[in-house]
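Architecture and fold: a report
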Amino acid sequence: MYAQSLNQQVEGTTGPEDAEAAARFQARIDAEERIEPNDWMPAAYRRTLVRQISQHAHSEIVGMLPEGNWITRAPSLRRKAALIAKVQDECGHGMYLYAAAETLGVTREQLVDELLAGKAKYSSIFNYPTLTWADIGAIGWLVDGAAIMNQIPLCRCSYGPYSRAMIRVCKEESFHQRQGYEIMLTLARGTAAQKAMAQDALNRWWWPCLMMFGPPDAQSQHSDTSTRWKIKRFSNDALRQKFVDATVPQAHFLGLTLPDPALRFNEATSHWEFGEIDWSEFKQVLAGNGPCNRDRMAARRAAHANGEWVRDAALAYAAKERARAAAAAGAA
Amino acid sequence: MYTGSITVADTPLLRYVLGRADDALVLGHRLSEWCGHGPLLEEDMALSNMALDLIGQARALYTYAGEVEAAGRDEDAYAYLRDVTSYANLLLVEQPNGDFARTIVRQLLFSAFIDPYWRALMASTDPTLAAIAAKAEKESAYHLRHASEWTVRLGDGTAESHARAQRALDELWPFTGELFTMPAGERALIDAGIAIDPETLRAPWRATVTRVVERATLTLPADGWMQRGGREGRHSEHLGHLLSDLQYLQRAFPGATW
Ligand SMILES: [Fe+2]
Ligand SMILES: [Fe+2]
Ligand SMILES: [Fe+2]
């Protein structure tokens, strides 16, 4: 619906981009101006944003599943209500992000179809299972925590609709993180069994969370142009280090041990140094071989397929209502 | 330390408050099962919203039950440590979600009753119940509107949605008689102006449901045999499974704080 008003550049149908327009565009970016939907933008900028925003939207929606897994088993009514509200927030994030992507001339339906066809990615962290209640704490603390590290810089992203969506999303993510940490704290100060549950969750989630920042800078594909366009402001490794530095003291405060024997504080750099990340695991999960990839996609496909008759009914009813209104107007 | 199921005092007011709380919790729990699996994202949000409202109502009522019983029990003791035969919710609300039509029609049949119920209860001589009712009424009015709109869309949508909505209505109808039953002991509460006589809501309930069903081009089922027993703890097999999920952690780790 937005497509007509945009300077769509369908590949193969237009020649090389106007060099002058490209220079003006880059000058606006360099001046920290926000690019808005109707502004001229390079086709590759648009493509990069559609890919990044839609992946982010898909991650929010698929991310509802691992936590949703504990809604019916939450251990108190207060926790149950908080968890429903949190998972509902993630759904809301997905919706704002799809709406932000739509300003670039794609539709939510198209993007969802790509996800369900297995052509679009989502954050691989959601391909790990939630086995115990402590996983709900660990996800809030670590996964939402890592998401915040990635997303705070996106609040200043050059594309206006994305940066505004991120400002709203980040507020809620930091609330999720505090809530997750508070679950961990309650477990860590609880019975021996609860503390063991918290430690086990940390053991399982720590390394996958470090992988959330993406491959090491030396191997990253998209960073250069994304940095020039101010879509990305910090490198993967820089954000990962920031996360580790923030999180290690939090784990110590909980009285839990990080599952990394190489972890040590470097007095000279004031950073926590950590061990080698198993990138072969990351690649396997990305390739579809994580513990839950198939289950997550099956759940999203089932929701979509089971909802089809409902969406059709809503459309059919709306069409009938329009026809009835038109008939009434004609009769009057 | 071992903490098994609790046995609560059997007084009319406590029984009454717990019954209303159980209705809200069990239906809220059912709606929360949709979270992440809704037919469209907007509806995922709406079902979760209704679940949150209902769980909020349950919490307020269980907390009040704790005051009434004065045995030092909090909201979670009632929700997590009572067995299936102690739960006093209506059979209607424990029925499985089924397809979206069944969830919506279940919501319509319940909300069309509970919304005027809360409205009447706002005049209760019990100030706590009156306050809980005032908040719950606003929420249930929205639930009724939402369920009505969807019932109409499904009934007057496609041939498939019409058939699914009609089947849901037919299958859930035998659970509507129980809305108007009055458990032993409730008469005294009604006479004292604390509770509402559900029989007074039968005509308005029927009028609301009939209006929606007609707009939806559906057919109101005939009043045949009506199932009952939920208020007395005689439930369908479904409730035990629901409670197995709901109560799992509290039962597996007795006495722990979460
Ligand atoms: Fe989110
Ligand atoms: Fe996020
Ligand atoms: Fe979050």
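Residues numbered from 1 in each chain as written. Chains lettered and ligands numbered in written order. Predicted model: local features only at pLDDT ≥ 70, side-chain atom pairs only at ≥ 80, totals over all residues. Heavy atoms only, no water.

1. Some words on the interface of chain B and chain A
Counting from both sides, the interface comprises 48 residues of chain B and, opposite them, 45 residues of chain A. With both sides pooled, the region where chain B packs onto chain A buries about 3,900 Å², and carbon together with sulfur makes up 69% of that total. Among the residues of chain B in contact with chain A, Leu41, Met45 and Trp258 of chain B are the three that bury the most area, contributing 19% of the side total. Here chain B and chain A share three salt bridges between them. Of the charged contacts in the structure, one is a salt bridge between Arg108 of chain A and Glu42 of chain B, with a shortest N-O distance of 2.5 Å. Applying the counting rule to chain B against chain A returns 17 residue pairs in polar contact (both at pLDDT 80 or more). Contributions of two or more residues to the side of chain B that touches chain A are made by α1 (12-32), α2 (41-69), α3 (75-80), α5 (100-121), α6 (127-155), α7 (159-172) and α10 (238-252) of chain B. Here the side of chain B that touches chain A gets 11 residues from one element, more than from any other, and that element is α2 of chain B. (Contact = heavy atoms within 4.5 Å. Buried area = accessible area lost by both parts, 1.4 Å probe. Salt bridge = Lys/Arg side-chain N within 4 Å of Asp/Glu carboxyl O. Polar contact = N/O pair within 3.5 Å; in protein donor to acceptor, adjacent residues only side chain to side chain. Helix = DSSP H or I, 4+ residues; strand = E, 2+ residues; numbered from the N terminus.)

2. Topic: the layout of surface pockets
Reported here for the second largest pocket is a volume of approximately 520 Å³. Along its surface, the second largest pocket is lined by 21 residues, and Arg108, His304 and Arg311 of chain A together with Pro39 and Leu40 of chain B are the ones closest to its centre. (1 Å grid on protein atoms, 1.4 Å probe; cavity = no way out; pocket = protein on both sides within 12 Å on 5 of 7 lines; lining within 4 Å. Points joined across faces, edges and corners; volume = space filled by probe spheres on them.)

3. Focus on the packing of aromatic side chains
For the structure shown, the criterion picks out 19 aromatic pairs over all chains. Look at Trp206 of chain A and Phe243 of chain A: their rings are 6.0 Å apart centre to centre, the planes differ by 25°, and that puts the pair in the stacked class. With Trp206 of chain A in helix α8 (residues 192-211) and Phe243 of chain A in helix α10 (residues 236-254), the pair connects residues that are 37 residues apart, well separated along the chain. Of the two residues, Trp206 of chain A and Phe243 of chain A, neither departs from the other in class, the shared state being buried. Counting every residue linked through ring pairs, the aromatic cluster contains Phe113, Tyr117, Trp118, Trp173, Phe180 and Trp205 of chain B. The ring centre of Tyr87 of chain B lies 4.5 Å from the NZ or CZ of Arg82 of chain B, which sits over that ring. The ring centre of Trp150 of chain B lies 4.6 Å from the NZ or CZ of Arg153 of chain B, which sits over that ring. (Phe/Tyr/Trp six-rings, centres within 6.5 Å; stacked < 30°, edge-to-face > 60°. Buried < 20%, exposed > 50% of the residue type's maximum accessible area, 1.4 Å probe, protein only. Lys NZ or Arg CZ within 6 Å of the ring centre and 35° of its normal.)

4. Topic: the coordination of the iron ion (ligand 1)
Residue and element names in this part refer to chain A. The coordination sphere of the iron ion (ligand 1) contains the protein donors Glu60 (OE), Glu90 (OE), His93 (ND1) and Glu173 (OE), at a distance range of 1.9 to 2.2 Å. Because the angles between the four donor atoms bound to the iron ion (ligand 1) fall within 92 to 134°, the donor set is best described as tetrahedral. Site description for the iron ion (ligand 1): donor spacing in sequence, E-x29-E-x2-H-x79-E. (Donors = N, O, S within 2.8 Å, 3.2 Å for Na, K, Ca; no water. Tetrahedral: all angles 85-135°; square planar, octahedral: opposite > 155°, others 65-115°.)

5. Thoughts on the side chain of Arg231 of chain B
All names here are of chain B. In this structure, Arg231 sits in the loop between α9 (202-215) and α10. A distance of 2.9 Å separates the side chain of Arg231 from the side chain of Asp23, its partner in a polar contact. In contact with Arg231, not counting residues within four places along its chain, are Arg15, Gly19, Arg20, Asp23, Ala88, Asn89, Leu90, Glu178 and Pro183.

6. Quick look at the confidence of the model for chain A
The pLDDT averaged across chain A works out to 93; a share of 94% of its residues lies at or above 70. This model gives residues 1-14 of chain A a pLDDT under 50, and the stretch forms 24 contacts once residues within four places in sequence are excluded. (pLDDT = per-residue confidence, 0-100.)

7. Looking at unusual backbone geometry
All names here are of chain A. Of note, Lys230 is a non-glycine position whose phi angle comes to about 60°, a positive value. A residue is classified by how much of its surface remains accessible, and Lys230, at 18% relative accessible area, is buried. In this model, Ser270 sits at a positive phi of 60°, which is unusual for a non-glycine residue. Relative to the elements of secondary structure, Ser270 occurs in the loop between β1 (264-266) and β2 (271-273). Classification of Ser270 as partly exposed rests on a relative accessible area of 46%.

8. Quick notes on the confidence of the model for chain B
Summing up the model confidence of chain B, the mean pLDDT is 97 and the portion of residues at 70 or higher is 99%. Quick note on the complex model: pTM equals 0.95, ipTM equals 0.97.

9. Some thoughts on the packing of helix α4 (residues 77-102) of chain A against helix α6 (residues 134-151) of chain A
All names here are of chain A. Taken N-terminus to C-terminus, the directions of α4 and α6 make an angle of 35°; their axes are 12 Å apart at the nearest point. Classified by chirality, the crossing of α6 by α4 is left-handed. Listed contacts from α6 to Leu83, Lys86 and Glu90 of α4 are Ile136, Ile139, Gly140 and Asp144. Per-class residue counts for the contact of α4 with α6 are three nonpolar, one polar and three charged. (Axes fitted to C-alpha atoms, helices over the stretch in contact; angles between N-to-C directions. Left-handed = near helix turned anticlockwise from the far one by under 90°. Nonpolar A, V, L, I, M, F, W, Y, C, P; charged D, E, K, R; others polar.)

10. A closer look at empty space enclosed by the protein
All names here are of chain B. Applying the stated criterion to the full structure yields three cavities of 30 Å³ or more. Put simply, the largest cavity is a space of about 90 Å³. Forming the boundary of the largest cavity are Pro12, Arg15, Tyr16, Gly19, Arg20, Ala88, Pro183, Ala184, Gly185, Glu186, Leu189 and Arg231. Only α1 and α8 (186-191) provide two or more residues apiece to the lining of the largest cavity. For the lining of the largest cavity, the element with the highest residue contribution is α1, accounting for five residues. Split by residue class, the lining of the largest cavity holds six nonpolar, two polar and four charged. The computed volume of the second largest cavity comes to approximately 80 Å³.

11. Structural notes on the pattern of salt bridges
All names here are of chain A. Applying the stated criterion to the full structure yields 38 salt bridges over all chains. Two residues, Arg164 and Glu36, come together in a salt bridge whose shortest N-O distance is 2.8 Å. Here Arg164, found in helix α7 (residues 160-188), pairs with Glu36, found in the loop between α1 (19-30) and α2 (43-62); they are 128 residues apart in sequence, far enough to count as distant. Judged by relative accessible area, Glu36 falls into the partly exposed class, the value being 25%.

12. Quick notes on the packing of α7 of chain A against α8 of chain A
Residues and elements named next belong to chain A. Between α7 and α8, the least distance of the axes is 7 Å, while the angle of their chain directions is 135°. One element, α7, and the other, α8, form an angle in the oblique class. On α8, the residues touching Met184, Leu187 and Ala188 of α7 are Gln194, Lys195 and Ala198. (Parallel < 35°, antiparallel > 145°, perpendicular 65-115°, else oblique.)

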